[in-house]
Amino acid sequence: TGHLDLPRMRRGGIRVQFFALFVPPAQRTRATVHVLELLDLFFRELEANPELVLVRSYRDVEAALAADRPAAVLAIEGGEALGGSLAVLRAFYRLGVRSLTLTWNHRNELADGVNEGRTGGGLTAFGVSVVREMNRLGMVVDLAHIAERGFWDVLEVSSAPVIVSHANCRRLCPHPRNLSDEQIRGPARNGGVLGLSFVPHFVTSRVPATLDDLLDHVDHVAGLVGVDHLGLGSDFDGTAAPVRDLEDAGRLVNFTRGLVARGYDEESVRKILGGNYLRVLARVLG
């Protein structure tokens with residue numbers, strides 16, 4: 001909702017950003033229409049901000065970076081937007097969508113979300129078809145929010161790297177949305193990336209959550225799988241109060257300073273701040 005804030009993106013040094021078309025629970029019965037309305041809003045904003053580049057292939061990313069223009073990767077958060085139809089998936093692809101978070105917290109036609117703790121269902125037959133079609137089309141599969149059984153099912157099915165766009169380490173913060181150490185290792189073996197979230201209750205059970213608390217998650221993931229599978233998954237729109245000193249995109253420099261203070265070298269910092277995601281986009285989008 002609202003308007004694009006390209007100046008704030010620039011102040012934060014953001015060059016490429018995922019734009020999530022989110023299906024909230026109140027819109028589940030009209031999820032496809034809701035996402036189409038959000039797409040209409042995005043394209044109207046794109047017309048008003050011609051500097052922004054819509055990413056349809058990795059060549060668009062390269063062109064935007066070369067021209068110092070911000071780039072947008074369109075994503076849908078909630079597979080219920082497909083309405084149980086691969087044709088709708090392909091239509092969204094033609095409209096520019098390049099990533100799909102298979103579930104939110106609840107069950108849909110693809111799989112169970114993390115709130116379905118009693119059943120913990122995995123990928124349905126339709127979910128398997130969606131992952132395979134996304135691989136064929138060149139779309140990034142996002143495992144944020146999915147129940148653990150479905151998480152592992154996707155890694156068995158997907159022939160391309162996957163991402164977990166916004167989650168943290170369960171070992172440091174026992175929130176259901178966070179990943180176990182073995183789950184963190186899974187996408188790493190697949191060549192994928194975990195984007196660390198700035199939402200405080202994914203970072204620590206203490207109040208307030210600090211930058212150092214978030215950097216502890218960086219250290220934990222790096223210790224498990226190395227820096228090649230780390231990225232940013234800020235989710236600023238997912239909380240009213242992000243981690244202290246990371247309240248908006250203009251303060252991302254504090255995260256960079258924190259990485260340097262913890263001893264990460266320049267190459268590692270570049271990977272965490274976006275290089276790893278660029279590697280996945282290059283592999284998946286083509």
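Given the structure is predicted, the values throughout are model-derived calculations rather than measurements.

Enquirer: I'm lost on the overall build of the protein chain in this one. Help?
Expert: Per the secondary structure count, the protein chain includes eleven helices and eight strands. Here the protein chain has a C-alpha radius of gyration of 18 Å; the compact-globule value for 286 residues is 19 Å, and the two agree. Projected onto the principal axes, the alpha-carbon positions of the protein chain cover approximately 50 × 45 × 35 Å. Taken across its 286 residues, the protein chain has 55% of its residues classed as buried. For the protein chain, the exposed surface amounts to about 12500 Å²; the carbon and sulfur share of it is 50%. Side chains of the protein chain give 32 positive and 34 negative charges; the mean places of these two sets differ by 3 Å.

Enquirer: Explanation requested: the pairing of strand β4 (residues 97–101) in the structure shown.
Expert: The side chains of a regular strand alternate, first on one face of the sheet and then on the other. Among the five residues of β4, five are classified as buried, and the element is accordingly described as predominantly covered. Judged from the four bridges that link them, strand β3 (residues 71–77) and β4 form a sheet pairing that is parallel. When the bridges of β4 are listed, Ile76 appears paired with Leu100. The parallel pair β3 and β4, bridged by helix α4 (residues 86–94), forms a crossover whose chirality is right-handed. In terms of handedness, the path from β4 via helix α5 (residues 125–137) over to strand β5 (residues 140–142) forms a crossover that is right-handed.

Enquirer: Is there a simple way to explain helix α2 (residues 31–48) in this structure?
Expert: Residues spaced three or four apart along an α-helix face the same direction, because each turn holds 3.6 residues. Across its 18 residues, α2 extends 26 Å between first and last C-alpha, which sits within 8% of the 26 Å expected from 1.5 Å per residue. Within the span of α2, buried status applies to Ala31, His34, Val35, Leu38, Leu39, Phe42, Glu45 and Leu46. Along the long axis of α2, the arc covered by the buried residues comes to 140°, so they all point the same way. Relative to its buried face, α2 has exposed residues pointing more than 90 degrees away, namely Glu47 and Ala48.

Enquirer: I'm lost on helix α3 (residues 58–67) in this one. Help?
Expert: Regarding α3, the residues found buried are Tyr58, Val61 and Ala64. Projection of α3 onto a plane perpendicular to its axis shows the buried side chains occupying an angular sector of 120°, all on one side. Among the exposed residues of α3, those oriented more than 90 degrees off its buried face are Arg59 and Ala66. Asp68 sits one or two positions beyond α3 and adopts a positive phi of about 55°.

Enquirer: Honestly, the side chain of Asn108 in this entry has me stumped. Any pointers?
Expert: Turning to its location among the elements, Asn108 is positioned in the loop between β4 and α5. A polar side-chain atom of Asn108 sits 2.8 Å from the main-chain amide nitrogen of Leu110. With residues up to four places along the chain from it excluded, the contact list for Asn108 reads Gly78, Gly79, Glu80, Leu102 and Thr103.

Enquirer: Explain the packing of aromatic side chains to me, please; I cannot follow it from the model alone.
Expert: Remark: the centre distance and the inter-plane angle together describe each pair of aromatic rings, the angle taken between the planes. Throughout the structure, instances matching the rule amount to seven aromatic pairs. Seen from their ring centres, Phe19 and Phe42 are 5.7 Å apart, and the 65° between their planes marks the pair as edge-to-face. Placement of the pair is Phe19 in strand β1 (residues 16–22) and Phe42 in helix α2, with a sequence separation of 23 residues. With a relative accessible area of 13%, Phe19 lands in the buried category. For the ring pair Phe198 and Phe236, a centre distance of 5.6 Å and an interplane angle of 80° mean the geometry is edge-to-face. Taken together, the residues span a long stretch of sequence, with Phe198 in the loop between β7 (193–196) and α8 (200–203) and Phe236 in the loop between β8 (230–232) and α10 (252–261) at a distance of 38 residues. Residue classification places Phe198 among the buried positions, given a relative accessible area of 0%.

Enquirer: How should the pattern of salt bridges be read in this particular structure?
Expert: Applying the stated rule across the entire model yields 19 salt bridges. Across the salt bridge formed by Glu266 and Arg270, the nearest N and O atoms sit 3.1 Å from each other. A residue pair is termed a helical-turn pair when its members lie 3 or 4 positions apart in one helix, as Glu266 and Arg270 do in helix α11 (residues 266–285) at four residues. On the basis of relative accessible area, Glu266 is assigned to the exposed category, the value being 56%. Three or more residues joined by partner-sharing salt bridges are found here, namely Asp212, Asp216, Asp219 and Arg262.

Enquirer: What is the right way to look at the nonpolar core in this model?
Expert: Generally speaking, a soluble globular protein has its nonpolar side chains buried in company with each other. Ranked by size, the top nonpolar core spans 71 residues in total, and within it Leu102, Val130, Leu143, Val154, Val218 and Phe255 carry the most contacts. Counting residues per element, this core draws most heavily on helix α9 (residues 211–225), at seven residues. For Leu143, the contacting residues outside a window of four places in its chain are Leu102, Phe151, Val154, Leu155, Val162, Ile163 and Val164.

Basis of the calculations
- Residues numbered from 1 in each chain as written.
- Predicted model: local features only at pLDDT ≥ 70, side-chain atom pairs only at ≥ 80, totals over all residues.
- Heavy atoms only, no water.
- Helix = DSSP H or I, 4+ residues; strand = E, 2+ residues; numbered from the N terminus.
- Rg over C-alpha atoms; globule rule 2.2 N^0.38 Å.
- Buried < 20%, exposed > 50% of the residue type's maximum accessible area, 1.4 Å probe, protein only.
- Areas by Shrake-Rupley, 256 points an atom, 1.4 Å probe, with all protein chains shown as cover.
- Lys, Arg positive; Asp, Glu negative; His and termini not counted.
- Charge placed at Lys NZ, Arg CZ, Asp CG, Glu CD.
- Pairing = 2+ DSSP bridges.
- Right-handed = clockwise from strand over helix to strand, strands pointing away.
- Expected span 1.5 Å × (residues − 1).
- Arc of directions from axis to C-beta.
- Polar contact = N/O pair within 3.5 Å; in protein donor to acceptor, adjacent residues only side chain to side chain.
- Contact = heavy atoms within 4.5 Å.
- Phe/Tyr/Trp six-rings, centres within 6.5 Å; stacked < 30°, edge-to-face > 60°.
- Salt bridge = Lys/Arg side-chain N within 4 Å of Asp/Glu carboxyl O.
- Core = buried A, V, L, I, M, F, W, Y, C linked by side-chain atoms within 4.5 Å.

Honestly, it's all geometry; don't read function into it.
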